[in-house]
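Listed here are the chains, written in short residue letters.
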Amino acid sequence: MSDKKIGSWYWFDFAKLDSTNNYALSQAPSLSSSQKILYTAQMQTSGRGRRGRSWVSPLGNLYFSQLFFSSLSPVEIVYITALSIVQTIKKITDKLVPQIKWPNDILINDCKIGGILIEKSKEEAYIIGVGINLISSPKLHSIYPAASLHDFEIDINRDDFLKLYLTAFDDNLLQSFTAIKNNFLANAYKLHQNITIGLGDKKISGQFIGIDENGFLLLKQEENTLIINTGEILFS
Ligand code: BTN
């Protein structure tokens, strides 16, 4: 076990990995029920994003995975993670308005600066993978607008970001889902506006009116309100 810790998290830092999520998955079989482990890599050679996308991972940005067991639902874990990132950025600066694009993209000025990939191991351990663009972002050939914190004149080092983030994350683990959900909504991109959700090849539009008690997105259409539990809001 590493003797390096950030708060309650044992910390293993690598110069290079294929993917911190892959590494965390490989370590899950030996995880004990109360252990909380953080894996970071200074660069990744096969960083993975959601929906089979790749996550370009050059030196200088933040790439980490948290490995732990929790009785919380995947929806709760997603919201806690996204909210903790937003709270971290707000701690660093009061000049920017970070937002969460449901369910788990982090935006500043409508540009993606961070993403979350949550997986579960065979043993049912959570692996929360997070990538934050600290100094660079994939501008060319990107399917969405992306930026880095540096683009917004925020220069924070990786370790300081991690300390703030893990403190926020551990605090949020103790909050009720209602509190998390309300805080998530207070930072949500396009709340009360018309949005389009991508569900695989399908697209569905309506007004984003809130999130229900299960954490599903409520999309109001002319006749009825749809309850959406998968997909993602598309950039418009
Ligand atoms: C997304 O927005 O599609 C999710 C991106 C998640 C990227 C992070 S970087 C650290 C961890 N390791 C991976 O291979 N992916 C996640």
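Described in the following lines is the structure provided in the data block. All of these numbers come straight from a predicted model, not from anything done at the bench.

## What to know about the overall build of the chain
Then, number 1: Broken down by element type, the chain carries 4 helices and 13 strands.
Then, number 2: For 236 residues, the compact-globule estimate of 2.2 N^0.38 gives 18 Å, and the C-alpha radius of gyration of the chain, at 17 Å, lies within 12% of that figure.
Then, number 3: C-alpha atoms of the chain, sized along the principal axes, occupy 55 × 40 × 35 Å.
Then, number 4: Across the 236 residues of the chain, 51% fall into the buried class.
Then, number 5: Restricting to contacts in the chain with at least 6 residues of sequence separation, those with at least 24 account for 63%.
Then, number 6: Summed over its atoms, the accessible surface of the chain is roughly 11,200 Å², and 50% of this surface lies on carbon and sulfur atoms.
Then, number 7: Positive and negative charge centroids in the chain, built from 23 and 23 side chains respectively, lie 2 Å apart.

## Examining the pairing of strand 6 (residues 105-108)
Then, number 1: Alternating positions in strand 6 separate into two faces, D105 and L107 on one and I106 and I108 on the other, with burial throughout.
Then, number 2: Sheet topology places strand 5 (residues 98-101) next to strand 6; 4 bridges connect them, and they run antiparallel. Residue P98 lies in a different strand from strand 6, and its bridge partner there is I108.
Then, number 3: In this structure, the hairpin formed by strand 5 and strand 6 is closed by a connection of 3 residues.
Then, number 4: Examined bridge by bridge, strand 6 and strand 7 (residues 111-120) share 4 bridges and lie antiparallel to one another. Following the sheet pairing, I106 is matched in strand 7 by G114.
Then, number 5: Here strand 6 folds back onto strand 7 in antiparallel fashion, the turn holding 2 residues, of which N109 has a positive phi close to 50°.

## Some details on the sheet that holds strand 9 (residues 194-199)
Then, number 1: The strand order 12-11-10-9-13 describes an open sheet built from 5 strands, whose pairing is antiparallel. Looking along the sheet, the strands with just one partner apiece sit at the ends: strand 12 (225-228) and strand 13 (232-233).
Then, number 2: The pairing of strand 11 (residues 217-220) with strand 12 spans 4 bridges and is antiparallel. In the strand pairing of strand 12, L218 is matched with I227.

## Section: the nonpolar core
Then, number 1: Core analysis: the biggest nonpolar cluster contains 56 residues, and I85, W102, L149, F161, F208 and L217 have the highest contact counts within it.
Then, number 2: Broken down by element, this core gets its largest block of residues, 9 residues, from helix 2 (residues 74-92).
Then, number 3: Leave out the neighbours within four places in its chain, and I85 touches I106, I116, V130, I132, F161 and Y165.
Then, number 4: In terms of nonpolar packing, the next biggest core, distinct from the first, is built from 8 residues, A28, L67, A125 and I127 among them.

## Observations regarding the environment of I195
Then, number 1: You can see I195 is positioned in strand 9.
Then, number 2: Its relative accessible area of 4% is what places I195 among the buried residues.
Then, number 3: Each C-alpha atom, one on I195 and one on F208, is 6.4 Å from the other, the two residues being 13 residues apart in sequence.
Then, number 4: When neighbours within four sequence positions are excluded, I195 is seen to be in contact with K190, I204, S205, G206, F208, L217, L219 and I233.

What counts, and at which threshold
- Residues numbered from 1 in each chain as written.
- Predicted model: local features only at pLDDT ≥ 70, side-chain atom pairs only at ≥ 80, totals over all residues.
- Heavy atoms only, no water.
- Helix = DSSP H or I, 4+ residues; strand = E, 2+ residues; numbered from the N terminus.
- Rg over C-alpha atoms; globule rule 2.2 N^0.38 Å.
- Buried < 20%, exposed > 50% of the residue type's maximum accessible area, 1.4 Å probe, protein only.
- Contact = heavy atoms within 4.5 Å.
- Areas by Shrake-Rupley, 256 points an atom, 1.4 Å probe, with all protein chains shown as cover.
- Lys, Arg positive; Asp, Glu negative; His and termini not counted.
- Charge placed at Lys NZ, Arg CZ, Asp CG, Glu CD.
- Pairing = 2+ DSSP bridges.
- Core = buried A, V, L, I, M, F, W, Y, C linked by side-chain atoms within 4.5 Å.

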